[in-house]
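Chain by chain, the residues run as shown.
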Amino acid sequence: MPKSLTPSIWGDILLTALAPTIWGSTYIVTTELLPPDRPFTAALIRVLPAGLLLVLLMKRLPAPGDRLRLLVLAALNIGVFQALLFVAAYRLPGGLAAVAGATQPLLVMALAWSLDRHTPARLTLWASILGVLGMAVLLLSPNSVWEPVGIIAALAGAACMAAGTFLTRRWKPDLPVLALTGWQLLLGGLMLAPVAWIADAPLPVLSLTQMAGYTYLCLAGALLAYALWFRGIARLPSVAVSSLSLLSPLTAVVLGWVLLGQAMTGTSLVGLFMVLSSVLTVQWSMSQPQRMRMP
């Protein structure tokens, strides 16, 4: 790679990596700060106010030709994905759901091959498989329950996020990043609203701690993180971006170890090293000049 490209590409990678790192803190914020058993309400509060704020600040309407595509992207990236994510979370151990989510880079490669005839580099393919195996070593337990509905929801959620990442770059709606982020969060939040109304109990009177938790999820977990994510999609290959999503469960594990005293065994450390190696290898492989032209 030409030296002049290196700082720009790796700067984009590091900024994009902040998004799943922030998302990885969602678990500890939800379990430690928020009212229990209201997952769809948490998702709604996370995305809808952030989307409304960005749409009002940016004052940009999508072009008529982009509106249907934007609705599809909002469903894939936000609305349907969040619903499937919480169905999986309620029916599966967190480790099993994370392993299913780790298939995203492989699914993006499959989309690129089937729709655009882009054959993945062998190094990228094997590194992505290493990421799935590493997540299994890190998080899976011999006692994990393979509940069929949960497995289907987890895999469908991974497919939604993979398709949303791939199509966001492929379609490239004619909107600035913040406007694109705002419209997807707003539309995705509107999709989640009836689900939260039907499925969750009403919120109790919130304490200051709980309000701070919801504020963090909205401003950091949605507004900032999704803006960085969609910025990364516009600048990096889809496979490279989807590979960075593995940092989300990785961050959750590290935060649980540091802040909650959750155990980290030697096997867990091996899995953590495998996942990090996978992410770094995919980023290096996809940052090569001939790969930067891939979707």
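What counts, and where the lines are drawn
Residues numbered from 1 in each chain as written. Predicted model: local features only at pLDDT ≥ 70, side-chain atom pairs only at ≥ 80, totals over all residues. Heavy atoms only, no water. Core = buried A, V, L, I, M, F, W, Y, C linked by side-chain atoms within 4.5 Å. Buried < 20%, exposed > 50% of the residue type's maximum accessible area, 1.4 Å probe, protein only. Contact = heavy atoms within 4.5 Å. Phe/Tyr/Trp six-rings, centres within 6.5 Å; stacked < 30°, edge-to-face > 60°. Helix = DSSP H or I, 4+ residues; strand = E, 2+ residues; numbered from the N terminus. Lys NZ or Arg CZ within 6 Å of the ring centre and 35° of its normal. Axes fitted to C-alpha atoms, helices over the stretch in contact; angles between N-to-C directions. Parallel < 35°, antiparallel > 145°, perpendicular 65-115°, else oblique. Left-handed = near helix turned anticlockwise from the far one by under 90°. Nonpolar A, V, L, I, M, F, W, Y, C, P; charged D, E, K, R; others polar.

### Let's talk about the nonpolar core
Alright, step 1. Residues W23, M135, L185, Y226, W229 and L244 are the most contacted members of the largest nonpolar core, which totals 76 residues.
Alright, step 2. Ignoring sequence-local partners within four residues, the contact set of M135 consists of A98, V99, A102, L140, L246, P249 and V275.
Alright, step 3. Core analysis: the second largest hydrophobic core is formed by six residues, I28, V29, L34 and Y214 among them.

### Looking at the packing of aromatic side chains
Alright, step 1. Applying the stated criterion to the full structure yields three aromatic pairs.
Alright, step 2. Summarising the aromatic geometry, the rings of W23 and Y226 are spaced 4.9 Å apart at their centres and angled 50° between planes, so their arrangement reads as tilted. Of this pair, W23 sits in helix α1 (residues 6-24) while Y226 is found in helix α10 (residues 208-235), placing the two residues 203 residues apart along the sequence. You'll find W23 and Y226 in the same group, each marked buried.
Alright, step 3. A ring pair is formed by Y226 and F230, whose centres lie 5.9 Å apart and whose planes are at 25°; its orientation type is stacked. Residue Y226 and its partner F230 are both found in helix α10; the two are separated by four residues, about one turn of the helix. This pair shows no difference in class: Y226 is buried, exactly as F230 is.
Alright, step 4. Taken together through their ring pairs, the aromatic side chains of W23, Y226, W229 and F230 make up a single cluster.
Alright, step 5. The side chain of R117 reaches across the aromatic face of W113, ending 5.4 Å from its centre.

### Structural notes on the side chain of Q184
Alright, step 1. Take Q184: it is sitting in helix α9 (residues 177-199).
Alright, step 2. Ignoring sequence-local partners within four residues, the contact set of Q184 consists of L70, L73, A74, N77, I78 and F230.

### Some details on the packing of helix α7 (residues 122-139) against helix α13 (residues 266-286)
Alright, step 1. Running from N to C, α7 and α13 point in directions that differ by 160°, and their axes come no closer than 8 Å. The angle between α7 and α13 falls in the class roughly antiparallel. In this structure, the crossing between α7 and α13 has a hand that is left-handed.
Alright, step 2. Looking at the contact of α7 with α13 residue by residue, the classes come out as 13 nonpolar, 11 polar and no charged.

### Overview of the packing of helix α3 (residues 39-58) against α9
Alright, step 1. Relative to each other, α3 and α9 sit at 145°, their axes nearing to 7 Å. Considering how the two elements wind past one another, α3 and α9 form a crossing that is left-handed.
Alright, step 2. Per-class residue counts for the contact of α3 with α9 are 21 nonpolar, five polar and no charged.

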